Amino acid sequence: MTKDHKSDEKHSNEEVTKEPMVKVDQVSKKFENGTVALVDITFEIPTEGFAFIVGPSGAGKTTLLRMLIRDVVPTEGNVYVNGFHVSHMHPQSVPELRRKVGMVFQDLKLLSDRTVFENVSLPLEIVGRKDSYVEETVDKMLQLVGLFERKNVFPAQLSGGEMQRTAIARAMVVEPDLLLADEPTGNLDPATSWEIVKLMETINKLGTTVIMATHNVDIVNSLPHRVIFLEEGRIVKDQKGARYGTV
Amino acid sequence: MERFSTVFRHMRRIPYQALAAIIIMALTTFASTVVVIAALTSARVLSYFETRPQITTFFTYGTSQDEILTLKQELENTGKVSEIRYVSQEEAFEIYKEQNKDEPLLLEQVSPSILPASLEISAKDATYLDSLQQFLEGKEQVEEVVYQKDVVDSLLSWGRFLRQAGLILLVFLLIESILIIIMVTGMKIALKRSEIEIMKLLGATTWYIRTPFLLEGVFYGFIGSFLAVSFVSILLLLLNPNITSFFTGIPGVPLSWYLYLLVFFVQMIGGMLVGAFGSMLAVWRYLHD
């Protein structure tokens, strides 16, 4: 990346830091195969906020979250995350953005040939932290998610909830400013789902902005957080403490 | 260190391909080391023969020393001669006595007067020998020109063949090594596609992902060339007595161990560079942004 690019992005950082953690402005996405995933989406999430994105399958929840880490580029509109002008950033700056945004993927994306400890330590290795720091931080994170005793086992030996918690620990280990969670309670029993949500709330209380995509009605309805309803790629409702069933 | 552990993890995952890459690198470095050592040795042998008198000219009886020395001067003026030695009849007799000291009967029958005087000529370059021979044969006082043409020609042609065949073999092995490393690295990249994708999503830079693959190529080159030079060292230890006796009297043959070590060092660096180049091509081909 050239110096000019860096200074442009830094400049835009300064402009946006006073603004919300996430700002999505009139964003649309049409894939090459013609599928329209998002249409004219606009919303903001304040720093240290907690928001649910809900909607039926195919509503565009995953596309929207992937857009926030520039895994998907919008066809139209602007996306700002933590000071980065994500929709127009230089490809070489993408790693810098992704290091500041933790993401729990719908399919978890754990490395099957690495232990829980190795999976969770991966983001720290990527940013080049020293071994002693990695060990201390990962152990602390595994204690937070209740997996310290299981740190030397492989993902295949974990239960669904443990795998989710491993993915959350990996997303959180670099102390990101923003945590994105794509269906983190999918395929989990209610008790485990609640454990995961409580963990998300704890993380939010520690100062991290959390955006969680889900279609778990019970969770959304029982928490007083903001809910953005998506349907066929459009926001059909955006309100605090909304009841999913009322859409 | 973390990068190196990634390299070893890659290698453990598909060990047979890694082994194939190491073996082909070892073969290439082995061939290249043998060719270099053979070329250096043949150059020493050739240069030794070039410094020996290659043409001996015997003069007819009655040719005076002044005539011979005049001819010597003419030869020196051609600029093609590096050394000329005049051997008088008396000196020839001394040489004859030395060569036949164990044969008293032969010594009794010979006196200096029946041995011809001669000039022993060394050319600056072996390619001048033909013209020097023609020059001498045109002189009436010259009785015979003894010219070690066959030995010199054969040495020249062997040296040329060795260099050309070695070069062709090396180019072939080099291309093969690079292709094998591209194939192995490409295969590893394909196998790790999802892991690479995850690393990118977690914020890994392109170079963070590329580096272990590049190091892997360097590692194949290092291990392969280390095995090759180790094998060559053992061969040299075993064969050196034979080489010494075969080339008795030729200075600098066999080569010194200092020179061997220098060749080994250069070969290992070369092996690592070939490995790095192969994996760099693979990374460039299969791991672009």
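Just so you know, these numbers come straight off a predicted model, no measurement behind them.

Trainee: Give a detailed account of the overall build of chain A, specifying residues and quantitative values.
Mentor: The helix and strand inventory of chain A stands at eight helices and 10 strands. Looking at chain A as a whole, 43% of its 247 residues are labelled buried. A separation threshold of at least 6 residues defines the contact pool for chain A, and within that pool the share at least 24 residues apart is 68%.

Trainee: Help me get a handle on the interface of chain A and chain B, residues and values and all.
Mentor: Taken together, the 13 residues of chain A in the interface contact 11 residues of chain B. Elements with a contribution of two residues or more to the side of chain A that touches chain B: α3 (94–100) and α4 (116–126) of chain A. When its residues are assigned to classes, the side of chain A that touches chain B shows eight nonpolar, no polar and five charged.

Trainee: How would you summarise the nonpolar core if you had to cite specific residues and measurements?
Mentor: Soluble globular proteins tend to pack their nonpolar side chains together in the buried interior. Of all hydrophobic cores here, the largest spans 77 residues; its most connected members are Ile53(A), Leu68(A), Val81(A), Ala169(A), Leu180(A) and Ile211(A). With residues near it in sequence (within four places) discarded, Val81(A) still touches Val22(A), Leu68(A), Val86(A), Leu97(A), Val101(A) and Leu178(A). In this structure, Met11(B), Met25(B), Ile180(B) and Ile182(B) belong to the second largest nonpolar core, which totals 30 residues.

Trainee: Can you break down the packing of helix α9 (residues 206–246) of chain B against helix α10 (residues 257–286) of chain B residue by residue, with the values?
Mentor: All names here are of chain B. For the pair α9 and α10, interaxial distance at closest approach is 7 Å and the crossing angle is 150 degrees. By the angle between their directions, the pair α9 and α10 is classed as roughly antiparallel. Considering only the axes of α9 and α10, their crossing is right-handed. Tallied by class, residues from the contact of α9 with α10 come to 18 nonpolar, nine polar and two charged.

Trainee: Tell me what's going on with the sheet that holds strand β5 (residues 84–85) of chain A, and back it up with residues and numbers.
Mentor: Residue and element names in this part refer to chain A. Across the sheet, which stays open at both edges, the four strands sit in the order β2-β1-β4-β5 with antiparallel pairing between neighbours. In this open sheet, the two strands that pair with only one neighbour each are β2 (36–45) and β5. As paired strands, strand β4 (residues 76–81) and β5 are joined by two bridges and run antiparallel to one another. In the sheet register, Val81 faces β5, and the bridge partner there is Phe84.

Trainee: Residue-level account of unusual backbone geometry, with values.
Mentor: Residues and elements named next belong to chain A. The phi dihedral of Asp40 falls on the positive side, at around 45 degrees, and the residue is not glycine. Along the polypeptide, Asp40 turns up in strand β2. The residue Lys109 is not glycine, and still its phi comes out positive at about 55 degrees. Summarising the element assignment, Lys109 is placed in the loop between β6 (101–104) and α4. The class for Lys109 is partly exposed, based on 18 C-beta atoms found within 10 Å.

Trainee: Can you lay out the packing of α4(A) against helix α6 (residues 160–172) of chain A for me, pointing to particular residues and giving the numbers?
Mentor: Geometry of a packed helix pair, given as the angle between the helix axes and the separation of the axes. Residue and element names in this part refer to chain A. Viewed as axis vectors pointing N to C, α4 and α6 meet at an angle of 30 degrees, and their least axial separation amounts to 7 Å. Between α4 and α6, the crossing angle belongs to the class labelled roughly parallel. Regarding α4 and α6, the two cross each other, and that crossing is right-handed. Here Val116, Asn119, Val120, Leu122 and Pro123 of α4 lie close against α6, whose contacting residues are Thr166, Ala169 and Arg170. Here the contact of α4 with α6 is built from residues that sort into five nonpolar, two polar and one charged.

Trainee: Account for the sheet that holds strand β8 (residues 209–214) of chain A, naming residues and giving values.
Mentor: Residues and elements named next belong to chain A. If you walk across this open sheet you meet the six strands as β6-β7-β8-β3-β9-β10, and the pairing is mixed. Each edge of the sheet is formed by a strand with only one pairing partner; in this case those strands are β6 and β10 (234–240). Recorded for the sheet is a direction-independent mean angle of 15 degrees between the axes of neighbouring strands. Where strand β9 (residues 226–231) meets β10, six bridges bridge the pair, whose relative direction is antiparallel. Bridge assignment links Arg226 to a residue of β10, and that residue is Lys240.

Trainee: Tell me about α9(B), and please be specific about residues and values.
Mentor: Its 41 residues give α9(B) an end-to-end C-alpha distance of 57 Å, which sits within 8% of 60 Å, the value for a rise of 1.5 Å per residue. Of all bends in α9(B), the biggest is about 50 degrees, found at Leu239(B), and the proline Pro241(B) comes one to four residues later.

Trainee: Explain the pairing of β4(A) to me, and be specific about the residues and the numbers.
Mentor: Note: strand β1 (residues 22–30) of chain A against β4(A), five bridges, orientation antiparallel. Looking at the pairing, Ser28(A) lines up with Glu76(A) of β4(A).

Trainee: Describe the confidence of the model for chain B, naming the residues involved and giving the relevant values.
Mentor: Regions with low pLDDT carry predicted coordinates that are not meant to be interpreted in detail. On average, residues of chain B carry a pLDDT of 85, and 96% of them reach 70 or more. In the predicted complex, the global pTM is 0.70; the interface-specific ipTM is 0.85.

Trainee: Give a description of the confidence of the model for chain A that names residues and reports values.
Mentor: Confidence in the prediction of chain A, expressed as mean pLDDT, is 87, and 89% of residues score 70 or more. Counting contacts from residues 1–18 of chain A, a segment whose pLDDT is below 50, to residues more than four positions away or on other chains yields 16 contacts.

Thresholds, definitions, all that
- Residues numbered from 1 in each chain as written.
- Chains lettered and ligands numbered in written order.
- Predicted model: local features only at pLDDT ≥ 70, side-chain atom pairs only at ≥ 80, totals over all residues.
- Helix = DSSP H or I, 4+ residues; strand = E, 2+ residues; numbered from the N terminus.
- Buried ≥ 20, exposed ≤ 12 C-beta atoms within 10 Å, placed from the backbone.
- Contact = placed C-beta atoms within 7 Å.
- Nonpolar A, V, L, I, M, F, W, Y, C, P; charged D, E, K, R; others polar.
- Core = buried A, V, L, I, M, F, W, Y, C linked by C-beta atoms within 7 Å.
- Axes fitted to C-alpha atoms, helices over the stretch in contact; angles between N-to-C directions.
- Parallel < 35°, antiparallel > 145°, perpendicular 65-115°, else oblique.
- Left-handed = near helix turned anticlockwise from the far one by under 90°.
- Pairing = 2+ DSSP bridges.
- Expected span 1.5 Å × (residues − 1).
- Bend = angle between axes of the 7 residues up to and from the residue.
- pLDDT = per-residue confidence, 0-100.

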